[in-house]
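Letter by letter, the chains look like this.
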Amino acid sequence: MFIKLFSLQVFASAKYRKASIDNSVRIVPIKAPRGEIIDRNNNIIVQNRPSYTIYLVPYEVPNIDEESAILASMLQMDESYLKKIISAGWKGKFQPIRLKRDVDFKTISILEEHSLDVPGVVFRVEPTRLYPENGFGSHVYGYVGEVSENEIEANNKYSKGEIIGKKGLERFYNYYLKGFDGISYLEVTARGRVLGKYSEREDISPQKGATLQLNIDWQMQKLAESILAAKGQGSIVVLNVNNGGVLALASSPKFDANLFSGVVPTEKWAEIMADSTYPLLNRAIQGIYTPGSTFKPFTALMALHFDKVDMEKEFDPCRGQKKFGNRIFKCWLERGHGKLELHDAIVQSCNIYFYQLGLACGMELWDQFMPLCRLGELTGIDIPGEKAGICPTSAYFDKRYGVRGWTKYFMNNLAIGQGEILVTPLQMAVLYAAISNEGIIYKPRILNKIITYEGDTIICKPEIVGKLPVNKENFQIIVDALHGVASEQHGTARFVSLPGIPVAGKTGTAQNPHGNEHAWFVCFAPVENPEIVIAVIVENAGHGSSEAAPLAKKILKYYFLGENIKQASL
């Protein structure tokens, strides 16, 4: 016995001291506030607010089943769901289990009033995300939520109950935004009763997440979303043509991200999922559309690059329609445009001219040129979920229709931006920006810089990801024509330019197999020394000149003239 006592006191003392401390100290995490998100002018977009979170300490509960029934009623939760939460969160009878986040004050009052009926229930004040009212910017910043089992399986750094970014910037920059939780040490009795702070260890304070400063102009973002919502569904993208900075990224309809700060009611989630307008779809990066006539400048660039056209090149005159093979292809202008050269064919958006221009190049040159424009590729924007669109090639058609299953006249549709080519509004903005700056393709970036908890700054530098394979002279031909669209008598968007601010752009009316045509307009300005590019699409709205171009003009007025219309102040 003496030897045993000696062994316990000398050799195993450290082990048992640790066990003693473990049994008398409760480690309580202190949630770190997530970092704020601000715009380029330091306007706060996303911040935090205090909220109540309900916990259950199992040790103090005499009968879990009976108490679950009472709590389910008080917390307005399904009883079986509540029991699952308790079971999943069980880490020992002394460890608190989080039952519900973002509980309102009325519920807290009820719990306090009936505290004797629900022993072991405690609440804490924790930071919760506060997003802008009316859902402005929701597709940019996204939202946060509790980590799922699948997400834990995919990333072993996550732990149960953790709040992570689920969509948008919240997800893409979760590592920087989340901060680091602190720790509080509490002394407890052997039966788990809290006696107070544990004096032999100092608490570790939480570190707030980093602040993200965006390239977004918040007033422009709200303006874009307001004027878009008045039209219906669609998207507006505004970029800085000289570095790829995203000034606005609007998608309509938007959603209220505050719904996701707590637990989304089942009926509300069902309502969102059943909404035929798909409010969670970010149309700027996930909506894929035929580009319509906004694609014609790229067909022209291809033809110029391979010397299939020049400024004087004429094809058969437009008489409103023309037969190719055994099929009649039409122009949007029934009476026809007559004889045109390249410049006027772009300015007046003549389909007959571009059918012939496309055939002059053929699929072989298309296959060489279009992939160099990064069509069918992700732009690499810094929010998740982007779609690449489709840039069909000969190999694509062979695979889909068989080697003899398609004809050279498929090129007719591609040449005018119809058929199977699909793009996102963001892709069109990136490509028009490249036209404006003589070919440089920038990766679009929403983030400008990261400001860490310690005050350090990480600047996001512009990143060049490609270059359009076109020489300076050919770019100038296209820029002149696009300027003509917005300034000449027969230009389809001649009303868009502002006094002293010449604009270059292209309208589009894209066929839609599911309904009315989509209205497009893409432009940049000023023509000399361009600063911004704007891509607008309004779904099922009809003509680009009448439905999309006026929205771009309002953005131009805001940017160049400081004209801040009423909606921008919402």
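Residue numbers here run from 1 along each chain, matching the order of that chain's written sequence. Local features in this predicted model are restricted to residues of pLDDT 70 or higher, and side-chain atom pairs are both shown and tallied only at a pLDDT of 80 or more, whereas totals for entire chains, interfaces and linings draw on every residue. Hydrogens and waters are ignored; side-chain quantities use all the structure's heavy atoms.

Here we take up the pattern of salt bridges. When a carboxyl oxygen of Asp or Glu lies within 4 Å of a side-chain nitrogen of Lys or Arg, that pair is called a salt bridge. Applying the stated rule across the entire model yields 20 salt bridges. For the salt bridge of E36 with K208, the shortest nitrogen-to-oxygen distance reads 3.7 Å. Residue E36 is located in the loop between β1 (25-30) and β2 (37-38), and its partner K208 is located in the loop between β9 (194-197) and β10 (211-214); the two are separated by 172 residues in the primary sequence. Here R445 makes a salt bridge to D382, at a shortest N to O gap of 4.0 Å. In this pair, R445 is assigned in the loop between β15 (440-442) and β16 (447-451) and D382 in the loop between α15 (351-369) and α16 (394-401), connecting sequence segments 63 residues apart. Judged by its relative accessible area of 0%, D382 falls in the buried class. Within the structure, one salt-bridge network assembled from shared partners comprises R34, R129 and E170. We count a stretch as a helix when DSSP gives it H or I for four or more residues in a row; a strand needs E for two or more, and each element gets its number in order from the N terminus. Burial classification: accessible surface area is computed with a 1.4 Å probe over protein chains only, and a residue below 20% of its type maximum counts as buried, one above 50% as exposed, and the rest as partly exposed.

Looking now at the side chain of E225. As for its placement among the helices and strands, E225 is situated in helix α10 (residues 218-229). Of the buried charged residues, E225 lacks a salt bridge, with K254 as the closest side chain of opposite charge at 4.6 Å. Note on contacts: a residue pair is in contact if any heavy atoms of the two residues lie within 4.5 Å. Discounting residues that sit within four places of it in the chain, E225 has contacts with G135, F136, G137, A250 and K254. In this tally, Asp and Glu contribute negative charge and Lys and Arg positive charge; neither His nor the terminal groups of the chain are included.

Every definition here rests on a 1 Å grid over the protein atoms only: cavities are sets of points where a 1.4 Å probe fits but cannot get out, pockets are open sets enclosed by protein on both sides within 12 Å along at least five of seven lines, and lining residues have some atom within 4 Å of a point. Grid points are joined across faces, edges and corners, and a volume is the space filled by probe spheres set on the points. Here the structure, examined in full by the defined rule, presents 4 cavities of 30 Å³ or more. Volume-wise, the largest cavity comes out at about 80 Å³. Around the largest cavity, the lining residues are C373, R374, E377, L378, T379, Q427, V430, L431, I441, Y442, P444 and V465. Broken down by element, the lining of the largest cavity gets its largest block of residues, 3 residues, from helix α18 (residues 425-436). When the residues that make up the lining of the largest cavity are grouped by side-chain class, the tally is 8 nonpolar, 2 polar and 2 charged. In this count, Pro and Cys sit with the nonpolar residues alongside Ala, Val, Leu, Ile, Met, Phe, Trp and Tyr, while Asp, Glu, Lys and Arg are called charged and the others, Gly among them, polar.

This part is about the packing of helix α3 (residues 64-74) against helix α4 (residues 79-89). Direction vectors running N to C along α3 and α4 enclose 120°, while the axes themselves pass 9 Å from each other. Classified by the angle their axes make, α3 and α4 are oblique. Note that α3 runs across α4; the crossing there is right-handed. Side by side, α3 and α4 meet where D65, S68, A69, L71 and A72 of the first sit next to E79, L82, K83 and I86 of the second. Taken together, the residues of the contact of α3 with α4 break down into 5 nonpolar, 1 polar and 3 charged. To obtain each axis, a line is fitted to C-alpha atoms, and for helices this fit is confined to the stretch in contact; angles are then taken between N-to-C directions over 0 to 180 degrees. Oblique is the label for any angle not covered by the other classes, which are roughly parallel (under 35 degrees), roughly antiparallel (over 145) and roughly perpendicular (65 to 115). Put simply, a crossing is left-handed when the front helix is turned counterclockwise from the back one by less than a right angle, and right-handed when it is turned clockwise.

Attention shifts here to the confidence of the model for the chain. Residues of the chain with pLDDT of at least 70 account for 93%, and the chain-wide mean is 90. Confidence drops under a pLDDT of 50 for residues 566-570, and excluding neighbours within four residues, the segment shows 10 contacts in the predicted structure. As a per-residue measure, pLDDT reflects the predictor's confidence and takes values from 0 up to 100.

This part takes up the environment of G165. Tracing the chain through its elements places G165 in strand β7 (residues 163-167). C-alpha of G165 to C-alpha of T407: the two residues are 242 residues apart in sequence and 48 Å apart in space.

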